[in-house]
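# Examining the three-dimensional arrangement
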Amino acid sequence: MTLVIPPYLLNAIHAHAASSYPDEGAGFILGTVQDAKRIARAVLPQANNFESSMRRRRYSISPQDMLQAEREAHAMGLEIIGIFHSHPDHPAMPSEYDREHSLPWFLYLITCVDGGRVIESRVWRLREDRSAFNEVPFDIETPIPCKETL
Amino acid sequence: MSLLRIPTPLRPYTQGQKQIMVEGRTVAEALQSLARQFPAIEPHLFDETGALRSYVNVFLNDEDVRTLQGSATPIGEEDRIMILPSIAGGAHER
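Rules behind the numbers
Residues numbered from 1 in each chain as written. Chains lettered and ligands numbered in written order. Predicted model: local features only at pLDDT ≥ 70, side-chain atom pairs only at ≥ 80, totals over all residues. Helix = DSSP H or I, 4+ residues; strand = E, 2+ residues; numbered from the N terminus. Rg over C-alpha atoms; globule rule 2.2 N^0.38 Å. Buried ≥ 20, exposed ≤ 12 C-beta atoms within 10 Å, placed from the backbone. Contact = placed C-beta atoms within 7 Å. Pairing = 2+ DSSP bridges. Axes fitted to C-alpha atoms, helices over the stretch in contact; angles between N-to-C directions.

### Things to note about the overall build of chain A
- For chain A, the helix and strand inventory stands at three helices and nine strands.
- The C-alpha atoms of chain A give a radius of gyration of 15 Å, which matches the 15 Å a tight globule of 150 residues would have.
- Principal axes of the C-alpha set define a box for chain A whose edges measure 55 × 35 × 30 Å.
- Counting every position in chain A, which comprises 150 residues, the buried fraction comes to 43%.
- Put simply, of all contacts in chain A between residues at least 6 apart along the chain, 62% involve residues at least 24 apart.

Rendered as structure tokens:
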């Protein structure tokens, strides 16, 4: 399994992570599934609905927002392939709380934000037996060069 | 029999099916019917104690059953039932 993501989408995820700081920011990654590749084609940043005093360590996206995102993905011919969220001042590694609330089908992209500055993103997938996460490699898609126009 | 809609992340456990016909007169019975047909879905719906996992939400005709009678909410054959995960997570506590 590999996540393929174009640079502008990774930039959008990082911008949401930085602007959400010191709170956690989160959203959906939409795309397609091709054999062992998940190819990102859009991102949908979401509001963090967790209780405000806890948002530095927690995020929550409501089921209604999930349903709306599923509908938007369907309208674009895509599906929700993953969830992104940030860990302010904390490594880009899943926590026990992440494990308890995750589903094995999704990829989870976690971004470490240190003092408001994005440090790195890593991608994880929950094992089928829910015991732990495995790290998933991600490729930054080479952009197609802009065409010259006369 | 009622129609139960399965969200994308749970479809690997229903052989890719988006909608499943389930038996039962309540939401709890409908979920048990689903788990009987597709045992692999069970650990993702229920925790080790048999309780519904906190991220599992069930909607009956677009209404969250928590605002109705919870898992005891009665269902009819014309009702549309939908499982929707809420998405949550967060960093380690310090």
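### Some thoughts on the sheet that holds strand E4 (residues 63–64) of chain B
All names here are of chain B.
- Taken in spatial order, the five strands of this open sheet run E2-E1-E5-E3-E4, and their pairing is mixed. Two strands in the sheet have a free side with no partner beyond their single neighbour: strand E2 (19–22) and E4.
- The sheet contact formed by strand E3 (residues 56–60) and E4 spans two bridges and is antiparallel. Paired with Phe 59 across the bridge in E4 is Asp 64.
- Along the sheet face, helix H1 (residues 27–37) touches strand E1 (2–5), E2, E3 and strand E5 (80–85) and points at about 110° away from the line of E2.

### A short note on the interface of chain B and chain A
- Tallying the contact residues gives 17 residues for chain B and 26 residues for chain A.
- Mapped by element, the contributors of at least two residues to the side of chain B that touches chain A are helix H2 (42–45), E5 and strand E6 (87–89) of chain B.
- It is E6 of chain B that contributes the most residues to the side of chain B that touches chain A, three residues altogether.
- Taken together, the three bridges between strand E4 (residues 59–61) of chain A and E6 of chain B define a ladder with antiparallel strand orientation. Each residue of the ladder has a partner; that of Ile 61 of chain A, found in E6 of chain B, is Ile 87 of chain B.

### What to know about the sheet that holds strand E3 (residues 37–46) of chain A
Residues and elements named next belong to chain A.
- With mixed pairing, eight strands are arranged side by side in an open sheet as E8-E7-E6-E5-E2-E3-E1-E9. The open sheet terminates on both sides in strands that have one partner only, identified here as strand E8 (133–136) and strand E9 (138–140). Within the sheet, the average angular offset between the axes of one strand and its neighbour, ignoring direction, is 35°.
- As paired elements, strand E2 (residues 26–34) and E3 share nine bridges and run antiparallel to each other. Looking at the pairing, Leu 30 lines up with Ala 42 of E3.
- Docked against the sheet, helix H1 (residues 7–20) engages strand E1 (2–5), E2, E3, strand E5 (79–88), strand E6 (107–114), strand E7 (117–126) and E9, running at close to 50° with respect to E6.

### Structural notes on the pairing of E8 of chain A
Residue and element names in this part refer to chain A.
- Sheet analysis places E7 next to E8, joined by four bridges and oriented antiparallel. Across the sheet, Val 123 pairs through a bridge with Val 136, a residue of E8.
- Connecting the antiparallel pair E7 and E8 is a turn made up of six residues, with Arg 130 showing a positive phi of about 65°.

### Quick notes on the environment of Thr 67 of chain B
- Within the secondary structure, Thr 67 of chain B is located in the loop between E4 and E5.
- Along the primary structure Thr 67 of chain B and Asp 79 of chain B are separated by 12 residues, whereas in three dimensions their C-alpha atoms are 16 Å apart.

### A look at the pairing of E6 of chain A
Residues and elements named next belong to chain A.
- Of all eight residues making up E6, seven are buried, and the element is well covered by its neighbours.
- Bridge count for E5 against E6 is seven bridges, and the pairing is parallel. Pairing of His 85 across the sheet is with Ile 110, part of E6.
- With seven bridges connecting them, E6 and E7 associate as antiparallel partners. Bridging from a neighbouring strand, Val 113 pairs with Val 118 of E7.
- The antiparallel hairpin formed by E6 and E7 contains two residues in its connecting segment, where Gly 115 sits at a positive phi of about 60°.

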